[in-house]
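# Architecture and fold: a report
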Amino acid sequence: MISLGIDPGTASLGYGLVRERGDGELEALAYDVIRTKAGTPMPERLRQIHDELDALIREYRPDRAGVEELFFSRNVTTAITVAQARGVVLLTLSQANLVVAEYKPNAVKQAVCGYGGADKSQMKEMTRLLLGLDKAPRPDDAADALAVAITDLHSYRLHDFEGA
């Protein structure tokens, strides 16, 4: 089972592909960010996100996807641009016929660290340990996306077990 985790953003969109092997072990297949250039018209930036995400889906053929829900506190303008990127992500995932689940940031922290108030360094270290990586994943948006993919696989397993 392969999950594609997404940490939405317009300037930097994090992605992480995690496979759960038959023995229950998790493996990071790929992770990085899709960067769009500031000053580029928004429609072009959104198209770039779509095209690069679509290429990732075609290459790795994930079974499902997890997307972090939008969280913002003050900057409405940033929230709007992130929401636009989320919309493109959701559309691209839907066009690929992927099952998509959305997760609140504190749910991802709870699933990965066991504590909904975990900080960035705790999240990166637990993500590293769960995936057996030598170093904490970087950049931060990619590390967050890996955590979303881990959450999605755990959630799928839990719901699949409950349905059995």
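To keep things clear, this report deals only with the structure shown in the data block. Just so you know, these numbers come straight off a predicted model, no measurement behind them. (Residues numbered from 1 in each chain as written. Predicted model: local features only at pLDDT ≥ 70, side-chain atom pairs only at ≥ 80, totals over all residues. Heavy atoms only, no water.)

### Observations regarding the pattern of salt bridges
Two side chains of opposite charge can pair, provided their charged atoms sit close to one another. Applying the stated criterion across every chain, the model contains 10 salt bridges. Between aspartate 140 and lysine 124 there is a salt bridge whose closest N-O contact spans 2.7 Å. Pair noted here: aspartate 140 is in helix α5 (residues 140-163) and lysine 124 is in helix α4 (residues 120-131), with a separation of 16 residues, a long-range link. Under the relative-accessibility criterion, aspartate 140 is labelled partly exposed at 33%. Through salt bridges with shared partners, a single ionic network connects Arg19, Arg21, Asp23 and Glu27. (Salt bridge = Lys/Arg side-chain N within 4 Å of Asp/Glu carboxyl O. Helix = DSSP H or I, 4+ residues; strand = E, 2+ residues; numbered from the N terminus. Buried < 20%, exposed > 50% of the residue type's maximum accessible area, 1.4 Å probe, protein only.)

### As for the pairing of strand β4 (residues 64-68)
Every other side chain in a regular strand lies on the same face of the sheet, so the side chains alternate between the two faces. Burial runs high along β4: five of the five residues are buried. Of the pairings in the sheet, the one linking strand β1 (residues 2-7) to β4 comprises four bridges and is parallel in character. Its bridge partner being in β4, serine 3 is matched across the sheet by arginine 64. In this structure, β4 lies alongside strand β5 (residues 99-103), joined through five bridges in parallel fashion. Bridge assignment links alanine 65 to a residue of β5, and that residue is valine 100. (Pairing = 2+ DSSP bridges.)

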